[in-house]
Amino acid sequence: MNQIKIFSPASVSNLCCGFDILGFSIDGIGDELTITKSTNKGINIKEIKGYNVPLENNKNTASVAAQALLNHLEINEGFDIEINKKIKPGSGIGSSAASAVGAVYGINKLLGNPLKHEELIKFAMKGEFISSKTAPADNVASALHGGTILVNNRENYNVIKLPVPKNLYAIIHHPLIEIKTSDSRGILPKSVDLKIASDQLSALGGFIHSLHTKDFELMKISLKDYLVEQYRSDYVPAFNEIKSVADLNNTICCSISGSGPSIFTLVKSLSEAKRLKLLFDDIYNGKKLEFNSYITGLNSKGAHEI
Ligand code: HSE
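Residues numbered from 1 in each chain as written. Predicted model: local features only at pLDDT ≥ 70, side-chain atom pairs only at ≥ 80, totals over all residues. Heavy atoms only, no water.

(A) Spotlight on the pairing of strand β7 (residues 169-175). By the criterion of burial, β7 is predominantly enclosed, with six of the seven residues buried. With five bridges joining them, β7 and strand β9 (residues 263-267) adopt antiparallel strand pairing. Bridged to I172 within β9 is F264. Sheet topology places β7 next to strand β10 (residues 291-297); seven bridges connect them, and they run antiparallel. For H173, the partnering residue across the bridge sits in β10 and is S293. (Buried < 20%, exposed > 50% of the residue type's maximum accessible area, 1.4 Å probe, protein only. Helix = DSSP H or I, 4+ residues; strand = E, 2+ residues; numbered from the N terminus. Pairing = 2+ DSSP bridges.)

In structure tokens form, the structure reads like this:
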């Protein structure tokens, strides 16, 4: 096999009570990468279609991740990468992570899978660091593994795939403005008090339990963000309006995806997701904001060959 084409999904991170550690992949929305073995050594980004990202090998999250993988494997082969960049950078739905994951997943597969799937995360993270020096692994883990994940250990990137009830759906709204993760992290406090930490831990425990017991009431009271939403919400267009409508409609939760400006809302059925998506679309249209909106289950596939 000399060439492979990969789909690598967008993802929601900061699933309310899981700042930097909980995320899920988005069904059908993602970057496409075509990777071809080359006689030239190393990684070469040949072409980028779609949204604009750096073509330079040392600035592109896909090439940096791919080169880290080649360095580790100590192989002299070369690969050309064409990226169809379908996720807008600075969207809050894991744009940089998707490209980085797609590159390492595809090259590992072209090489006959010398590394296990779960070993790829640390190389994808080398790419993610290029876009944000302090980036946690929540989006990368979601894009690589698919479904809903918990990053259980930041140093070793131990990722746990969580069991999610089939009828849980997310509506995602992405206003087409860019918020850099580094800027969005810069406005956060450097420390939190013990009461807040305790409330957040209690919520996280409740959420994990609710997944195992399919207890939607426990899920709803547990999916609360005490850490970051309050600091970032002013920078996210239409957030207060969307959240008010979500609350009025008794959704499970509504919060900011990653570092914004995307917003996600969890509901208990596809029909409810479709109904609310239209209501939220109207809010953005009323504000004359350009946006994309999606519906996804929380068990969608991670990076895969297409
Ligand atoms: N969890 C990160 C943040 C974004 O909220 O800053 C994605 O890694």
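(B) Looking closely at the side chain of D281. Relative to the helices and strands, D281 resides in helix α10 (residues 270-286). Apart from residues lying up to four places away in sequence, D281 is in contact with H173, F291 and S293. (Contact = heavy atoms within 4.5 Å.)

(C) Region of interest: the packing of aromatic side chains. Under the defined criterion, the tally for this structure stands at two aromatic pairs. Plain terms: the ring middles of F24 and F264 are 6.1 Å apart, the flat faces sit at 80° to each other, and that makes the pair edge-to-face. Note that F24 is positioned in strand β2 (residues 18-38) and F264 in strand β9, a separation of 240 residues in sequence. (Phe/Tyr/Trp six-rings, centres within 6.5 Å; stacked < 30°, edge-to-face > 60°.)

(D) A look at the sheet that holds strand β8 (residues 253-256). Taken together, the four strands give an open sheet; going across it, the order is β8-β9-β7-β10, and neighbouring strands pair in antiparallel fashion. What marks the edges here is a single partner per strand, and that holds for β8 and β10. Each strand axis lies, on average, 15° off the axis of its neighbour in the sheet, ignoring direction. Each of β8 and β9 touches helix α9 (residues 239-248); the most contacted strand, β8, lies at about 170° to it. (Axes fitted to C-alpha atoms, helices over the stretch in contact; angles between N-to-C directions.)

(E) Layout of the site of the ligand. Around the ligand, a shell composed of S13, N14, F19, D20, P136, D138, N139, T181, R185, R232 and G258 is seen. Separating an oxygen atom of the ligand from a side-chain N or O atom of N14 is a distance of 2.6 Å. With respect to the ligand, the side chain of N139 contributes an N or O atom lying 3.4 Å from an oxygen atom. If the ligand stood free it would expose 260 Å²; the protein chains cover 98% of that surface. (Near = heavy atom within 4 Å. Polar contact = N/O pair within 3.5 Å; in protein donor to acceptor, adjacent residues only side chain to side chain. Areas by Shrake-Rupley, 256 points an atom, 1.4 Å probe, with all protein chains shown as cover.)

(F) Spatial organisation of the nonpolar core. Of all hydrophobic cores here, the largest spans 39 residues; its most connected members are I35, I81, I107 and I121. Looking at this core, the element that brings in the most residues is helix α2 (residues 95-110), giving eight residues. Setting aside anything within four residues of it in sequence, one finds I81 in contact with L33, T34, I35, I43, N44, I45, K46, E47, A66 and A103. If you look at the next biggest cluster of nonpolar residues, it comprises 32 residues, including F24, I93, L223 and L266. (Core = buried A, V, L, I, M, F, W, Y, C linked by side-chain atoms within 4.5 Å.)

(G) Focus on the domain arrangement of the protein chain. Split by domain assignment, the protein chain resolves into domain 1 (3-162 + 301-305) and domain 2 (169-297). Facing 27 residues of domain 1, the contacting portion of domain 2 comprises 39 residues. Three residues stand out in domain 1 for area buried against domain 2, namely C16, C17 and F19, and they jointly supply 26% of the buried area on that side. Scanning the region where domain 1 abuts domain 2 turns up one salt bridge. The shortest N-O distance in the salt bridge between D20 and R185 comes to 2.8 Å. At the boundary of domain 1 and domain 2, one finds nine residue pairs in polar contact (both at pLDDT 80 or more). Sorting the residues of the side of domain 1 that touches domain 2 by element identifies β1 (3-15) and β2 as the ones contributing at least two each. (Domains from an automatic or database assignment. Buried area = accessible area lost by both parts, 1.4 Å probe. Salt bridge = Lys/Arg side-chain N within 4 Å of Asp/Glu carboxyl O.)

(H) Layout of the packing of helix α1 (residues 61-73) against α2. The interhelical angle for the contact between α1 and α2, taken along N-to-C directions, is 35°, at an axis separation of 7 Å. The handedness of the crossing between α1 and α2 comes out as right-handed. Note on element contacts: α2 touches α1 through S96, S99, A100, A103, V104, I107 and N108, opposite T61, A62, A65, A66, L69 and L70. Per-class residue counts for the contact of α1 with α2 are nine nonpolar, four polar and no charged. (Left-handed = near helix turned anticlockwise from the far one by under 90°. Nonpolar A, V, L, I, M, F, W, Y, C, P; charged D, E, K, R; others polar.)

(I) Region of the structure containing unusual backbone geometry. With an omega of 5°, the peptide bond running from G260 to P261 counts as cis. Following the sequence through the fold, P261 ends up in the loop between β8 and β9. With phi around 55°, K214 is a residue other than glycine that occupies positive phi space. Relative to the assigned elements, K214 resides in the loop between α6 (194-213) and α7 (216-222). Phi at N250 is positive, roughly 60°, even though this residue is not glycine. The residue N250 is located in the loop between α9 and β8 in this model. According to the relative accessible area criterion, N250 is exposed, its value standing at 52%.

(J) Expanded view of the pairing of strand β6 (residues 158-162). Across five bridges, strand β5 (residues 148-153) lies against β6 in antiparallel orientation. Bridge pairing links L150 to I160 in β6. The antiparallel pairing of β5 with β6 creates a hairpin that spans four residues between the two strands, and Y157 there sits at a positive phi of about 55°.

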